[in-house]
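Inside the fold
Residues per chain, in single letters:
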Amino acid sequence: MTLTARLIANACGISLFFLAGFALLQFFPGLLRRSRIVRAAFAYLLGVAGLSGGVWALNHFVGWPLRRTLILWLLAAIIAAGAAVRLLRRGDLPRPETVPLWTRLSRVVMAAAGLVAFYATLGLLSDSVSNVTQDFDGQMTWTVAARYVRDAASVDSPVLREERFYISHPRYPLLMPVSQVIVQEVFDTTNDDRAFRWLYALFYPVSLVLVFDGARRRAGSLAAALTVLVAAVLPFTLFEGSGGALGTYSDFPLACFWGAGVLLLTEAAVETRTGIAAGIFLGAGLLTKNEGGPLALAALGAAVLAFGLSWLVRRVKKRRLPAYLPALLLAGVAVVAAAGLSISWRNGVVNRNDEGYEQMRGVVKMLKATVDRLPVLPGPMWNEMRDREDWGDFWVILPPVLLLGVRGLWRKRAFELVLALLLGLGVFLVAYGNTPWGGAELVHPTWSRFLLQLSLPGLVLGSLALRGCVRELRSGWAALRLAP
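Everything in this summary refers to the structure shown in the same document. Just so we're clear, the structure is a prediction, and the values are computed from it rather than from any experiment. (Residues numbered from 1 in each chain as written. Predicted model: local features only at pLDDT ≥ 70, side-chain atom pairs only at ≥ 80, totals over all residues. Heavy atoms only, no water.)

Section: the overall build of the protein chain
Worth spelling out the cut-off: Numbering of helices and strands runs from the N terminus, with a helix taken as a DSSP run of H or I at least four residues long and a strand as a DSSP run of E at least two residues long. For each residue, the accessible area found with a 1.4 Å probe, counting protein chains only, is set against the maximum for its type, and the residue is called buried under 20%, exposed over 50%, and partly exposed in between. With residues, only the protein chains shown are counted as cover, and all accessible areas are computed by Shrake-Rupley using a 1.4 Å probe. His residues and chain termini do not enter the charge count, which takes Lys and Arg as positive and Asp and Glu as negative. Note on charges: their place is set at NZ of Lys, CZ of Arg, CG of Asp or CD of Glu.
A tally of regular secondary structure across the protein chain gives 23 helices and zero strands. With respect to the three principal axes, the spread of C-alpha positions in the protein chain is 80 × 60 × 50 Å. The 484 residues of the protein chain split such that 54% are buried. Entry remark: accessible area of the protein chain is about 21,800 Å², with carbon and sulfur atoms responsible for 66%. Across the protein chain, the centroid of the 48 positively charged side chains sits 14 Å from that of the 31 negatively charged ones.

Right under this line is the structure:
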(Lines give C-alpha, C1' and ligand atoms only; values in the text may rest on other atoms or scores of the structure.)
Protein backbone atom coordinates (compact mmCIF):
# COMPACT_ATOMS: atom_id res chain seq x y z
CA MET A 1 0.00 0.00 0.00
CA THR A 2 1.11 3.55 -0.66
CA LEU A 3 1.63 6.01 2.16
CA THR A 4 -1.45 7.97 1.10
CA ALA A 5 -3.60 4.84 1.14
CA ARG A 6 -2.30 3.91 4.60
CA LEU A 7 -3.00 7.38 5.94
CA ILE A 8 -6.56 7.32 4.60
CA ALA A 9 -7.23 3.82 5.97
CA ASN A 10 -5.86 4.72 9.41
CA ALA A 11 -7.61 8.08 9.70
CA CYS A 12 -10.95 6.82 8.40
CA GLY A 13 -10.61 3.61 10.41
CA ILE A 14 -10.40 5.37 13.77
CA SER A 15 -13.23 7.65 12.59
CA LEU A 16 -15.50 4.59 12.41
CA PHE A 17 -14.93 3.90 16.09
CA PHE A 18 -15.37 7.56 17.06
CA LEU A 19 -18.67 7.70 15.17
CA ALA A 20 -19.95 4.58 16.92
CA GLY A 21 -18.59 5.79 20.26
CA PHE A 22 -20.17 9.25 20.16
CA ALA A 23 -23.48 7.62 19.25
CA LEU A 24 -23.24 5.20 22.18
CA LEU A 25 -22.19 8.07 24.45
CA GLN A 26 -25.70 9.53 24.11
CA PHE A 27 -26.97 6.72 26.34
CA PHE A 28 -24.78 7.86 29.26
CA PRO A 29 -25.63 11.37 30.54
CA GLY A 30 -22.98 11.11 33.24
CA LEU A 31 -20.27 10.82 30.60
CA LEU A 32 -21.83 13.50 28.38
CA ARG A 33 -21.45 16.04 31.18
CA ARG A 34 -17.66 15.76 31.07
CA SER A 35 -15.34 18.01 29.09
CA ARG A 36 -14.96 17.54 25.34
CA ILE A 37 -11.60 15.79 25.42
CA VAL A 38 -12.79 13.37 28.13
CA ARG A 39 -15.94 12.63 26.15
CA ALA A 40 -13.77 11.89 23.11
CA ALA A 41 -11.64 9.43 25.12
CA PHE A 42 -14.68 7.56 26.43
CA ALA A 43 -16.25 7.66 22.96
CA TYR A 44 -13.23 5.92 21.44
CA LEU A 45 -13.35 3.14 24.01
CA LEU A 46 -17.11 2.77 23.61
CA GLY A 47 -16.71 2.67 19.83
CA VAL A 48 -14.11 -0.08 19.87
CA ALA A 49 -16.07 -2.06 22.48
CA GLY A 50 -19.50 -1.55 20.90
CA LEU A 51 -18.70 -1.87 17.20
CA SER A 52 -16.14 -4.68 17.47
CA GLY A 53 -18.09 -6.53 20.15
CA GLY A 54 -21.31 -6.17 18.16
CA VAL A 55 -19.70 -7.46 14.96
CA TRP A 56 -18.25 -10.41 16.90
CA ALA A 57 -21.65 -11.26 18.44
CA LEU A 58 -23.64 -10.94 15.20
CA ASN A 59 -21.12 -12.97 13.25
CA HIS A 60 -20.94 -15.70 15.90
CA PHE A 61 -24.59 -16.00 16.95
CA VAL A 62 -26.42 -15.02 13.74
CA GLY A 63 -23.84 -16.17 11.20
CA TRP A 64 -23.71 -12.98 9.14
CA PRO A 65 -20.42 -12.89 7.21
CA LEU A 66 -17.83 -10.54 8.65
CA ARG A 67 -17.71 -8.29 5.63
CA ARG A 68 -18.18 -4.60 4.91
CA THR A 69 -21.98 -4.93 4.70
CA LEU A 70 -22.35 -6.23 8.26
CA ILE A 71 -19.98 -3.60 9.66
CA LEU A 72 -21.66 -0.64 7.94
CA TRP A 73 -25.19 -1.80 8.77
CA LEU A 74 -24.27 -2.21 12.43
CA LEU A 75 -22.54 1.18 12.46
CA ALA A 76 -25.63 2.78 10.88
CA ALA A 77 -27.87 1.13 13.49
CA ILE A 78 -25.68 2.40 16.34
CA ILE A 79 -25.63 5.94 14.91
CA ALA A 80 -29.42 5.89 14.39
CA ALA A 81 -29.99 4.72 17.96
CA GLY A 82 -27.70 7.42 19.33
CA ALA A 83 -29.37 10.10 17.22
CA ALA A 84 -32.83 8.98 18.38
CA VAL A 85 -31.79 9.20 22.03
CA ARG A 86 -30.31 12.65 21.48
CA LEU A 87 -33.45 13.90 19.74
CA LEU A 88 -35.68 12.58 22.52
CA ARG A 89 -33.53 14.40 25.05
CA ARG A 90 -33.12 17.66 23.12
CA GLY A 91 -34.70 19.77 25.83
CA ASP A 92 -32.66 18.15 28.58
CA LEU A 93 -29.12 17.88 27.23
CA PRO A 94 -26.48 17.45 29.95
CA ARG A 95 -24.45 20.60 30.50
CA PRO A 96 -20.74 19.93 29.89
CA GLU A 97 -18.51 20.66 32.84
CA THR A 98 -15.43 22.84 32.67
CA VAL A 99 -12.02 21.77 33.90
CA PRO A 100 -10.83 24.24 36.52
CA LEU A 101 -7.11 25.08 36.59
CA TRP A 102 -7.01 27.18 39.70
CA THR A 103 -3.36 28.22 39.83
CA ARG A 104 -0.70 29.41 37.45
CA LEU A 105 1.40 26.37 38.40
CA SER A 106 -1.44 24.05 37.36
CA ARG A 107 -1.61 25.72 33.97
CA VAL A 108 2.15 25.49 33.45
CA VAL A 109 2.33 21.79 34.41
CA MET A 110 -0.73 20.95 32.29
CA ALA A 111 0.78 22.78 29.31
CA ALA A 112 4.03 20.80 29.74
CA ALA A 113 2.13 17.51 30.01
CA GLY A 114 0.03 18.37 26.96
CA LEU A 115 3.12 19.25 24.94
CA VAL A 116 4.87 15.98 25.83
CA ALA A 117 1.72 13.97 25.10
CA PHE A 118 1.21 15.76 21.76
CA TYR A 119 4.71 15.06 20.49
CA ALA A 120 4.66 11.47 21.77
CA THR A 121 1.32 10.87 20.04
CA LEU A 122 2.62 12.46 16.85
CA GLY A 123 5.64 10.16 16.97
CA LEU A 124 3.42 7.12 17.54
CA LEU A 125 1.18 7.97 14.60
CA SER A 126 4.16 8.64 12.33
CA ASP A 127 5.92 5.41 13.23
CA SER A 128 2.70 3.38 13.00
CA VAL A 129 1.98 4.46 9.46
CA SER A 130 5.61 4.05 8.37
CA ASN A 131 6.89 0.82 9.94
CA VAL A 132 5.42 -2.66 10.10
CA THR A 133 4.72 -4.37 13.42
CA GLN A 134 7.89 -5.51 15.15
CA ASP A 135 6.55 -6.84 18.45
CA PHE A 136 6.66 -10.61 18.90
CA ASP A 137 3.14 -11.33 20.18
CA GLY A 138 1.60 -8.96 17.68
CA GLN A 139 3.10 -10.88 14.79
CA MET A 140 2.65 -14.33 16.33
CA THR A 141 -0.84 -14.02 17.81
CA TRP A 142 -3.05 -10.97 17.35
CA THR A 143 -2.39 -9.93 13.75
CA VAL A 144 -2.28 -13.56 12.66
CA ALA A 145 -5.65 -14.23 14.31
CA ALA A 146 -7.08 -11.24 12.43
CA ARG A 147 -5.92 -12.75 9.14
CA TYR A 148 -7.59 -16.09 9.92
CA VAL A 149 -10.83 -14.29 10.79
CA ARG A 150 -10.74 -12.09 7.70
CA ASP A 151 -9.96 -14.97 5.37
CA ALA A 152 -12.93 -16.98 6.68
CA ALA A 153 -15.16 -13.89 7.10
CA SER A 154 -15.94 -15.39 10.48
CA VAL A 155 -14.74 -15.34 14.07
CA ASP A 156 -15.37 -19.10 13.93
CA SER A 157 -12.57 -19.63 11.44
CA PRO A 158 -11.75 -23.33 10.86
CA VAL A 159 -8.08 -22.55 11.53
CA LEU A 160 -9.01 -21.49 15.05
CA ARG A 161 -11.63 -24.15 15.71
CA GLU A 162 -10.18 -27.36 14.28
CA GLU A 163 -7.46 -29.39 15.94
CA ARG A 164 -5.84 -30.38 12.62
CA PHE A 165 -4.43 -26.85 12.27
CA TYR A 166 -1.31 -26.09 14.28
CA ILE A 167 -1.82 -22.77 16.05
CA SER A 168 -0.80 -21.30 19.41
CA HIS A 169 -3.42 -19.97 21.80
CA PRO A 170 -6.46 -20.39 19.54
CA ARG A 171 -8.79 -19.34 22.37
CA TYR A 172 -7.24 -15.92 22.88
CA PRO A 173 -10.07 -13.32 22.78
CA LEU A 174 -10.66 -11.57 19.47
CA LEU A 175 -11.86 -8.03 20.23
CA MET A 176 -8.73 -6.31 18.89
CA PRO A 177 -8.25 -8.69 15.92
CA VAL A 178 -11.89 -8.04 14.97
CA SER A 179 -11.17 -4.30 15.22
CA GLN A 180 -8.31 -4.78 12.78
CA VAL A 181 -10.58 -6.66 10.40
CA ILE A 182 -13.21 -3.90 10.57
CA VAL A 183 -10.70 -1.33 9.29
CA GLN A 184 -9.34 -3.69 6.64
CA GLU A 185 -12.76 -4.76 5.36
CA VAL A 186 -14.42 -1.36 5.24
CA PHE A 187 -11.53 0.21 3.34
CA ASP A 188 -10.55 -2.91 1.39
CA THR A 189 -6.91 -2.82 2.46
CA THR A 190 -4.30 -5.51 2.02
CA ASN A 191 -2.84 -7.38 4.99
CA ASP A 192 -0.33 -4.55 5.45
CA ASP A 193 -0.56 -3.92 9.20
CA ARG A 194 0.42 -0.27 8.70
CA ALA A 195 -3.15 0.29 7.49
CA PHE A 196 -4.66 -0.15 10.97
CA ARG A 197 -1.93 0.59 13.53
CA TRP A 198 -3.45 3.97 14.51
CA LEU A 199 -6.15 1.84 16.10
CA TYR A 200 -3.57 0.85 18.74
CA ALA A 201 -1.60 4.10 18.87
CA LEU A 202 -4.68 6.09 19.84
CA PHE A 203 -4.97 4.23 23.13
CA TYR A 204 -1.96 6.25 24.35
CA PRO A 205 -3.61 9.71 24.38
CA VAL A 206 -6.88 8.09 25.50
CA SER A 207 -5.12 6.63 28.55
CA LEU A 208 -3.60 10.01 29.48
CA VAL A 209 -7.00 11.72 29.26
CA LEU A 210 -8.58 9.04 31.45
CA VAL A 211 -5.78 9.38 34.00
CA PHE A 212 -6.23 13.16 34.08
CA ASP A 213 -10.01 12.89 34.46
CA GLY A 214 -9.77 10.29 37.22
CA ALA A 215 -6.98 12.12 39.05
CA ARG A 216 -8.63 15.54 38.83
CA ARG A 217 -11.84 14.25 40.35
CA ARG A 218 -9.96 12.72 43.28
CA ALA A 219 -6.89 14.87 43.80
CA GLY A 220 -7.40 18.21 42.05
CA SER A 221 -5.99 19.80 38.92
CA LEU A 222 -2.37 20.27 39.97
CA ALA A 223 -1.90 16.67 41.11
CA ALA A 224 -3.69 15.46 37.96
CA ALA A 225 -1.42 17.53 35.72
CA LEU A 226 1.70 16.25 37.51
CA THR A 227 0.46 12.67 37.16
CA VAL A 228 -0.17 13.05 33.43
CA LEU A 229 3.29 14.57 33.00
CA VAL A 230 4.83 11.50 34.67
CA ALA A 231 2.61 9.07 32.72
CA ALA A 232 3.38 10.76 29.40
CA VAL A 233 7.10 10.05 29.64
CA LEU A 234 6.91 6.47 30.93
CA PRO A 235 8.53 4.23 28.29
CA PHE A 236 6.36 1.19 29.06
CA THR A 237 3.19 2.93 27.86
CA LEU A 238 4.79 3.69 24.52
CA PHE A 239 7.07 0.95 23.26
CA GLU A 240 6.03 -2.43 21.96
CA GLY A 241 8.50 -4.42 24.08
CA SER A 242 6.40 -3.85 27.18
CA GLY A 243 3.05 -4.09 25.40
CA GLY A 244 2.70 -0.35 24.83
CA ALA A 245 0.84 1.62 22.18
CA LEU A 246 3.55 1.31 19.53
CA GLY A 247 2.90 -2.41 19.07
CA THR A 248 -0.15 -4.55 18.38
CA TYR A 249 -0.28 -6.30 21.74
CA SER A 250 -3.66 -6.35 23.44
CA ASP A 251 -2.22 -5.38 26.85
CA PHE A 252 -2.60 -1.62 26.47
CA PRO A 253 -6.19 -1.78 25.16
CA LEU A 254 -6.97 -4.03 28.15
CA ALA A 255 -5.32 -1.47 30.45
CA CYS A 256 -7.58 1.27 29.07
CA PHE A 257 -10.79 -0.77 29.20
CA TRP A 258 -10.15 -2.15 32.70
CA GLY A 259 -8.85 1.16 34.00
CA ALA A 260 -11.88 3.06 32.67
CA GLY A 261 -14.23 0.56 34.31
CA VAL A 262 -12.46 0.70 37.67
CA LEU A 263 -12.23 4.50 37.70
CA LEU A 264 -15.95 4.86 36.92
CA LEU A 265 -16.98 2.33 39.58
CA THR A 266 -14.88 4.00 42.27
CA GLU A 267 -16.04 7.58 41.73
CA ALA A 268 -17.66 9.44 44.61
CA ALA A 269 -21.14 9.33 43.03
CA VAL A 270 -21.90 6.67 40.43
CA GLU A 271 -25.07 7.03 38.38
CA THR A 272 -26.95 3.94 37.25
CA ARG A 273 -26.14 4.45 33.57
CA THR A 274 -22.51 5.20 34.35
CA GLY A 275 -22.41 1.80 36.05
CA ILE A 276 -23.56 0.26 32.77
CA ALA A 277 -20.72 2.05 30.96
CA ALA A 278 -18.25 0.72 33.53
CA GLY A 279 -19.59 -2.79 32.95
CA ILE A 280 -19.23 -2.38 29.18
CA PHE A 281 -15.58 -1.41 29.63
CA LEU A 282 -14.89 -4.33 31.97
CA GLY A 283 -16.66 -6.66 29.54
CA ALA A 284 -14.58 -5.28 26.68
CA GLY A 285 -11.47 -6.06 28.71
CA LEU A 286 -12.75 -9.61 29.14
CA LEU A 287 -13.07 -9.87 25.35
CA THR A 288 -9.58 -8.41 24.84
CA LYS A 289 -7.30 -10.79 26.77
CA ASN A 290 -7.61 -13.95 28.84
CA GLU A 291 -6.72 -12.12 32.05
CA GLY A 292 -9.48 -9.60 31.33
CA GLY A 293 -12.08 -11.98 32.82
CA PRO A 294 -10.40 -12.43 36.22
CA LEU A 295 -9.56 -8.71 36.27
CA ALA A 296 -13.22 -7.83 35.65
CA LEU A 297 -14.18 -10.03 38.60
CA ALA A 298 -11.47 -8.34 40.67
CA ALA A 299 -12.88 -4.89 39.82
CA LEU A 300 -16.45 -5.90 40.67
CA GLY A 301 -15.27 -7.69 43.80
CA ALA A 302 -13.37 -4.61 44.96
CA ALA A 303 -16.42 -2.41 44.37
CA VAL A 304 -18.71 -4.77 46.29
CA LEU A 305 -16.23 -5.15 49.14
CA ALA A 306 -15.60 -1.40 49.42
CA PHE A 307 -19.33 -0.70 49.40
CA GLY A 308 -20.02 -3.39 51.99
CA LEU A 309 -17.32 -2.13 54.34
CA SER A 310 -18.49 1.46 53.93
CA TRP A 311 -22.06 0.44 54.66
CA LEU A 312 -21.01 -1.45 57.77
CA VAL A 313 -19.24 1.56 59.22
CA ARG A 314 -22.12 3.83 58.10
CA ARG A 315 -20.08 6.04 55.79
CA VAL A 316 -22.43 5.64 52.84
CA LYS A 317 -25.17 8.24 52.80
CA LYS A 318 -28.67 6.90 52.35
CA ARG A 319 -29.21 8.90 49.17
CA ARG A 320 -26.34 7.02 47.53
CA LEU A 321 -27.80 3.57 48.15
CA PRO A 322 -30.52 3.61 45.44
CA ALA A 323 -28.11 4.89 42.78
CA TYR A 324 -25.01 2.84 43.52
CA LEU A 325 -26.52 -0.62 43.96
CA PRO A 326 -28.30 -0.69 40.56
CA ALA A 327 -25.14 0.72 38.96
CA LEU A 328 -23.10 -2.12 40.43
CA LEU A 329 -25.67 -4.75 39.46
CA LEU A 330 -25.95 -3.49 35.89
CA ALA A 331 -22.16 -3.40 35.59
CA GLY A 332 -22.21 -7.06 36.58
CA VAL A 333 -24.88 -7.81 33.96
CA ALA A 334 -22.75 -6.23 31.22
CA VAL A 335 -19.75 -8.32 32.29
CA VAL A 336 -21.89 -11.49 32.31
CA ALA A 337 -23.12 -10.71 28.79
CA ALA A 338 -19.54 -10.36 27.56
CA ALA A 339 -18.62 -13.57 29.37
CA GLY A 340 -21.53 -15.35 27.64
CA LEU A 341 -20.20 -14.32 24.22
CA SER A 342 -16.68 -15.39 25.16
CA ILE A 343 -17.73 -18.78 26.56
CA SER A 344 -20.00 -19.55 23.60
CA TRP A 345 -17.22 -18.74 21.14
CA ARG A 346 -14.49 -20.59 23.07
CA ASN A 347 -16.58 -23.75 23.36
CA GLY A 348 -16.32 -24.25 19.61
CA VAL A 349 -12.52 -23.90 19.60
CA VAL A 350 -10.37 -26.95 20.30
CA ASN A 351 -7.68 -25.72 22.69
CA ARG A 352 -4.06 -26.62 21.96
CA ASN A 353 -0.56 -25.24 22.49
CA ASP A 354 -1.75 -23.19 25.46
CA GLU A 355 -0.61 -22.66 29.07
CA GLY A 356 -3.48 -24.82 30.30
CA TYR A 357 -4.97 -22.50 32.92
CA GLU A 358 -8.40 -23.86 32.08
CA GLN A 359 -7.37 -27.18 33.64
CA MET A 360 -6.82 -25.60 37.08
CA ARG A 361 -9.15 -27.28 39.56
CA GLY A 362 -9.85 -26.55 43.20
CA VAL A 363 -9.37 -23.27 45.06
CA VAL A 364 -7.26 -24.91 47.77
CA LYS A 365 -4.88 -26.45 45.24
CA MET A 366 -4.56 -23.16 43.36
CA LEU A 367 -3.78 -21.22 46.53
CA LYS A 368 -1.29 -23.83 47.71
CA ALA A 369 0.53 -23.78 44.36
CA THR A 370 0.60 -19.97 44.51
CA VAL A 371 2.03 -19.89 48.05
CA ASP A 372 4.65 -22.50 47.15
CA ARG A 373 5.81 -20.45 44.15
CA LEU A 374 5.83 -17.04 45.87
CA PRO A 375 9.41 -17.15 47.30
CA VAL A 376 11.02 -17.41 43.83
CA LEU A 377 9.08 -14.49 42.30
CA PRO A 378 10.29 -11.21 43.94
CA GLY A 379 13.82 -11.27 42.49
CA PRO A 380 12.83 -11.71 38.84
CA MET A 381 9.96 -9.23 39.31
CA TRP A 382 12.37 -6.58 40.57
CA ASN A 383 14.74 -7.26 37.70
CA GLU A 384 11.89 -6.52 35.31
CA MET A 385 10.87 -3.37 37.17
CA ARG A 386 14.35 -1.85 37.21
CA ASP A 387 14.72 -2.18 33.44
CA ARG A 388 15.22 1.45 32.39
CA GLU A 389 14.11 0.72 28.83
CA ASP A 390 10.61 -0.01 30.15
CA TRP A 391 10.37 2.06 33.32
CA GLY A 392 12.98 4.81 33.24
CA ASP A 393 13.40 6.17 36.80
CA PHE A 394 9.80 5.49 37.82
CA TRP A 395 10.65 3.14 40.68
CA VAL A 396 13.25 5.61 42.00
CA ILE A 397 10.71 8.46 42.09
CA LEU A 398 7.77 6.46 43.48
CA PRO A 399 8.98 5.58 47.05
CA PRO A 400 9.70 9.18 48.19
CA VAL A 401 6.41 10.35 46.65
CA LEU A 402 4.46 7.68 48.55
CA LEU A 403 6.38 8.38 51.75
CA LEU A 404 5.90 12.15 51.61
CA GLY A 405 2.32 11.95 50.37
CA VAL A 406 1.07 9.12 52.57
CA ARG A 407 -1.59 11.39 54.09
CA GLY A 408 -3.14 11.78 50.64
CA LEU A 409 -3.59 8.00 50.46
CA TRP A 410 -5.50 7.85 53.73
CA ARG A 411 -8.85 8.43 52.06
CA LYS A 412 -11.84 6.31 51.11
CA ARG A 413 -11.31 6.96 47.39
CA ALA A 414 -7.76 5.66 47.71
CA PHE A 415 -9.00 2.60 49.62
CA GLU A 416 -11.28 1.53 46.76
CA LEU A 417 -8.47 1.86 44.23
CA VAL A 418 -6.05 -0.05 46.48
CA LEU A 419 -8.58 -2.89 46.78
CA ALA A 420 -8.95 -3.15 42.99
CA LEU A 421 -5.17 -3.10 42.49
CA LEU A 422 -4.52 -5.70 45.19
CA LEU A 423 -7.14 -8.06 43.77
CA GLY A 424 -5.69 -7.47 40.29
CA LEU A 425 -2.19 -8.33 41.54
CA GLY A 426 -3.68 -11.43 43.15
CA VAL A 427 -4.88 -12.57 39.72
CA PHE A 428 -1.33 -12.43 38.37
CA LEU A 429 0.21 -14.15 41.40
CA VAL A 430 -2.25 -17.04 41.05
CA ALA A 431 -1.33 -17.25 37.35
CA TYR A 432 2.38 -17.38 38.21
CA GLY A 433 1.75 -19.97 40.90
CA ASN A 434 -0.21 -22.29 38.64
CA THR A 435 1.63 -21.95 35.35
CA PRO A 436 3.26 -25.08 33.91
CA TRP A 437 6.35 -22.95 33.25
CA GLY A 438 9.01 -23.77 35.81
CA GLY A 439 10.07 -21.44 38.62
CA ALA A 440 9.84 -17.77 37.67
CA GLU A 441 10.30 -18.40 33.96
CA LEU A 442 7.03 -16.69 33.06
CA VAL A 443 7.93 -13.46 34.90
CA HIS A 444 10.38 -12.10 32.31
CA PRO A 445 8.03 -11.76 29.34
CA THR A 446 4.92 -10.81 31.33
CA TRP A 447 5.44 -8.88 34.60
CA SER A 448 5.87 -5.41 33.07
CA ARG A 449 2.87 -6.05 30.84
CA PHE A 450 0.79 -7.14 33.85
CA LEU A 451 1.71 -3.90 35.62
CA LEU A 452 0.79 -2.00 32.47
CA GLN A 453 -2.69 -3.54 32.61
CA LEU A 454 -3.16 -2.10 36.13
CA SER A 455 -1.54 1.23 35.30
CA LEU A 456 -4.52 3.60 35.04
CA PRO A 457 -5.92 3.07 38.57
CA GLY A 458 -2.32 2.88 39.82
CA LEU A 459 -1.45 6.27 38.35
CA VAL A 460 -4.63 7.83 39.72
CA LEU A 461 -3.74 6.40 43.13
CA GLY A 462 -0.33 8.02 42.70
CA SER A 463 -2.05 11.37 42.08
CA LEU A 464 -3.49 11.20 45.61
CA ALA A 465 0.04 10.76 46.95
CA LEU A 466 1.19 13.70 44.80
CA ARG A 467 -1.62 15.78 46.28
CA GLY A 468 -0.33 14.91 49.73
CA CYS A 469 3.20 15.87 48.62
CA VAL A 470 2.03 19.24 47.32
CA ARG A 471 0.25 19.97 50.59
CA GLU A 472 3.30 18.99 52.66
CA LEU A 473 5.57 21.18 50.51
CA ARG A 474 3.18 24.11 50.77
CA SER A 475 3.01 23.70 54.54
CA GLY A 476 6.79 23.55 54.76
CA TRP A 477 7.18 26.64 52.59
CA ALA A 478 4.64 28.55 54.66
CA ALA A 479 6.49 27.58 57.85
CA LEU A 480 9.79 28.80 56.39
CA ARG A 481 8.25 32.14 55.40
CA LEU A 482 6.84 32.65 58.89
CA ALA A 483 10.09 31.70 60.59
CA PRO A 484 12.07 34.67 62.01
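Observations concerning helix H3 (residues 36-62)
The line we're drawing: Helix span is expected to be 1.5 Å times the residue number reduced by one.
Over its 27 residues, H3 runs 36 Å from end to end, which matches the ideal 39 Å to within 8%, given 1.5 Å per residue. Within H3, 19 of the 27 residues are buried, which leaves it mostly tucked inside the rest of the structure. Backbone geometry just downstream of H3 places Gly63 in the positive-phi region, at approximately 90°.

Re the environment of Val401
Our working definition: Whether two residues are in contact is decided by their heavy atoms: any pair within 4.5 Å suffices.
Structurally, Val401 can be placed in helix H19 (residues 394-404). Taking the relative accessible area as the measure of exposure, Val401 reaches 17% and is therefore buried. The residues contacting Val401, other than those within four sequence positions of it, are Ala465, Leu466 and Cys469.

Comments concerning a nonpolar patch on the surface
The following threshold applies: Any residue with relative accessible area above 30% and no salt bridge may belong to a patch, with like charges joined within 9 Å and the nonpolar Val, Leu, Ile, Met, Phe, Trp and Tyr side chains within 5 Å. One speaks of a salt bridge when a side-chain nitrogen belonging to Lys or Arg is within 4 Å of a carboxyl oxygen belonging to Asp or Glu.
Residues Leu115, Phe118, Tyr119 and Leu122 make up a contiguous nonpolar surface patch of about 440 Å² in total accessible area. Here Leu115 is to be found in helix H5 (residues 104-130).

A closer look at the pattern of salt bridges
Scanning the model with the defined rule gives 15 salt bridges in all. Its salt-bridge partner being Arg67, residue Glu185 comes within 3.3 Å of it at the nearest N-O pair. Pair noted here: Glu185 is in helix H8 (residues 175-186) and Arg67 is in the loop between H3 and helix H4 (68-88), with a separation of 118 residues, a long-range link. What makes Glu185 buried here is its relative accessible area of 11%. Of the residues examined, Arg67 reaches a relative accessible area of 34% and is grouped as partly exposed. Of the charged contacts in the structure, one is a salt bridge between Asp251 and Arg449, with a shortest N-O distance of 3.2 Å. Pair noted here: Asp251 is in helix H12 (residues 251-265) and Arg449 is in helix H22 (residues 443-453), with a separation of 198 residues, a long-range link. For Asp251, a relative accessible area of 1% puts it in the buried group. Three or more residues joined by partner-sharing salt bridges are found here, namely Asp137, Asp251, Lys289, Glu291 and Arg449.

Concerning unusual backbone geometry
Of note, the phi angle at Ala153 is positive, near 55°, even though the residue is not glycine. When you line up the elements, Ala153 lands in the loop between helix H6 (136-152) and helix H7 (158-161). The phi angle at His169 is positive, at roughly 55°, despite the residue not being glycine. Its location among the elements puts His169 in the loop between H7 and H8. Residue His169 is classed as buried on the basis of its relative accessible area, which comes to 13%.

Quick look at the layout of surface pockets
Rule in force here: Buriedness of a pocket was judged along seven lines, with at least five required to meet protein on both sides within 12 Å; pockets are open sets of points on a 1 Å grid over the protein atoms alone, cavities are sets where a 1.4 Å probe fits but cannot get out, and lining residues have an atom within 4 Å of a point. Grid points are joined across faces, edges and corners, and a volume is the space filled by probe spheres set on the points. For this classification, Asp, Glu, Lys and Arg are treated as charged, while Ala, Val, Leu, Ile, Met, Phe, Trp, Tyr, Cys and Pro are nonpolar and the rest, including Gly, are polar.
Reported here for the second largest pocket is a volume of approximately 780 Å³. Along the walls of the second largest pocket sit 29 residues, with Phe394, Trp395, Leu398, Leu421 and Gly458 positioned nearest its centre. When contributions to the lining of the second largest pocket are tallied by element, the ones reaching two or more residues are helix H11 (221-232), helix H17 (378-385), H19, helix H21 (412-434), H22 and helix H23 (455-482). Per-element tally for the lining of the second largest pocket: the top contributor is H23, with seven residues. Residues belonging to the lining of the second largest pocket are distributed by class as follows: 24 nonpolar, five polar and no charged.

Considerations on the environment of Leu160
With respect to the helices, strands and loops of the structure, Leu160 is situated in helix H7. With relative accessibility at 1%, the residue Leu160 sits in the buried group. Residues Leu160 and Pro170, 10 residues apart in the sequence, show an inter-C-alpha distance of 5.3 Å. Here Leu160 is in contact with Tyr148, Val149, Val155, Ile167, Pro170, Leu174, Trp345, Val349, Val350 and Arg352, once residues within four sequence places are set aside.

Structural notes on the packing of aromatic side chains
Just so we agree on the cut-off: Within 6.5 Å between ring centres, the rings of Phe, Tyr and Trp (the latter by its six-membered ring) count as paired, and their orientation is classed by plane angle as stacked under 30 degrees, edge-to-face over 60, tilted in between.
On inspection of all chains with the given rule, the structure shows 15 aromatic pairs. Judged by centre distance (5.9 Å) and plane angle (25°), the rings of Phe42 and Phe281 are stacked. On the criterion of sequence distance, the pair formed by Phe42 in helix H3 and Phe281 in helix H13 (residues 272-286) is long-range, its members being 239 residues apart. With respect to class, Phe42 is no different from Phe281; both count as buried. Taking the centre distance of 5.4 Å and the plane angle of 20° together, the rings of Trp142 and Tyr172 count as stacked. Of the two residues, Trp142 sits in helix H6 while Tyr172 sits in the loop between H7 and H8, which places them 30 residues apart along the sequence. With relative accessibility at 3%, the residue Trp142 sits in the buried group. Judged by its relative accessible area of 17%, Tyr172 is buried.

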